[in-house]
Amino acid sequence: MSPIIAVAPCRSLPDYVESIRRAGGEPRVLDPAQDQPASVVGEIQGLLLTGGVDIDPTLYGEERHATVTAIEPERDVFEFALLRAAREARLPIFGICRGLQVMNVAFGGTLVQDIESQAAGILPHTVAAPPCAIAHEVWISKGSRLWTLMQEQMVDADTCSVNSRHHQAIKNLASGFEVTATAPDGVIEAIECPNSAFCLGVQWHPENFWRTGEFRPLFEGFIEACRQ
Ligand code: MN
């Protein structure tokens, strides 16, 4: 039986759904109007947090920067509750882009609200099209779960090329997490919880590569963890 993977709803679902299916999972796109986080976690084997708008900065104690133009407080509330319930139930969790940021903020971390204007020497991180256009490299920490999964795909043993569509990034890391990939400009590109069930977030969009498979090992590793 394929593990059922809850997918947080977002505006560009098809690539997430396809990536889950190709890795052997059965996606279940959640409906915040119907699905209660506390009961959903009893019906799924894993949680995928997807991309989307910025998190409400008040959730990490900051006023909104001018570039934070759209927020969806109801989505924040739903995903935070879902994430906490999933962690409580020790379910595997995979966060992508906004999903990584949700993981960090929900467990006590903070974000740089606009890397372009609030940090120096920043590479292009907002390459909009095509979705799988390569924007920059990431350097992956040896021995991490991400590194283990990406073995076959890396260049020089610890580097891979990624797309990038984010203007925010992790500032303070939530406790219990480790940074496991950074861009050459220092921007945090992946985090994970060591010594736990699969709990990993990436700042890029691996789901856009399902046709060519560069990040298929990430989805396969996630689904494999969800079978256990
Ligand atoms: Mn990036």
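Source: prediction; values computed, not measured. (Residues numbered from 1 in each chain as written. Predicted model: local features only at pLDDT ≥ 70, side-chain atom pairs only at ≥ 80, totals over all residues. Heavy atoms only, no water.)

Q: What am I meant to see in the overall build of the protein here?
A: The helix and strand tally for the protein stands at 7 helices and 11 strands. Taken over C-alpha atoms, the radius of gyration comes to 16 Å for the protein, in line with the 17 Å a tight globule of 228 residues would show. Principal axes of the C-alpha set define a box for the protein whose edges measure 45 × 40 × 35 Å. Surface summary for the protein: the accessible area is close to 10,000 Å², and the carbon and sulfur share equals 51%. (Helix = DSSP H or I, 4+ residues; strand = E, 2+ residues; numbered from the N terminus. Rg over C-alpha atoms; globule rule 2.2 N^0.38 Å. Areas by Shrake-Rupley, 256 points an atom, 1.4 Å probe, with all protein chains shown as cover.)

Q: Would you mind showing me how to read the packing of helix 3 (residues 73-88) against helix 4 (residues 98-106) here?
A: For any two helices packed against each other, the geometry is given by the interaxial angle and the distance between the axes. One way to put it is that helix 3 packs onto helix 4 with a least axis distance of 10 Å and a crossing angle of 70 degrees. Taken together, the axis directions place helix 3 and helix 4 in an arrangement best described as roughly perpendicular. Residues Arg75, Asp76, Glu79, Phe80, Leu83 and Arg84 of helix 3 touch helix 4, and the partners they reach there are Arg98, Val102, Met103, Val105 and Ala106. Grouping the amino acids of the contact of helix 3 with helix 4 by side-chain chemistry returns 6 nonpolar, no polar and 5 charged. (Axes fitted to C-alpha atoms, helices over the stretch in contact; angles between N-to-C directions. Parallel < 35°, antiparallel > 145°, perpendicular 65-115°, else oblique. Contact = heavy atoms within 4.5 Å. Nonpolar A, V, L, I, M, F, W, Y, C, P; charged D, E, K, R; others polar.)

Q: Can you walk me through the pattern of salt bridges in this structure?
A: Working definition: two side chains of opposite charge can pair if their charged atoms are close together. Counted by the stated rule, this structure contains 11 salt bridges. Between Arg22 and Glu18 there is a salt bridge, with the nearest N and O atoms lying 2.8 Å from each other. Of this pair, Arg22 and Glu18 both sit in helix 1 (residues 14-22), 4 residues apart, roughly one helical turn. For Arg22, a relative accessible area of 38% gives the class partly exposed. Measuring nitrogen to oxygen at the nearest pair gives 2.8 Å for the salt bridge that ties Arg98 to Asp76. Placement of the pair is Arg98 in helix 4 and Asp76 in helix 3, with a sequence separation of 22 residues. Through salt bridges with shared partners, a single network forms among Arg75, Asp76, Glu79 and Arg98. (Salt bridge = Lys/Arg side-chain N within 4 Å of Asp/Glu carboxyl O. Buried < 20%, exposed > 50% of the residue type's maximum accessible area, 1.4 Å probe, protein only.)

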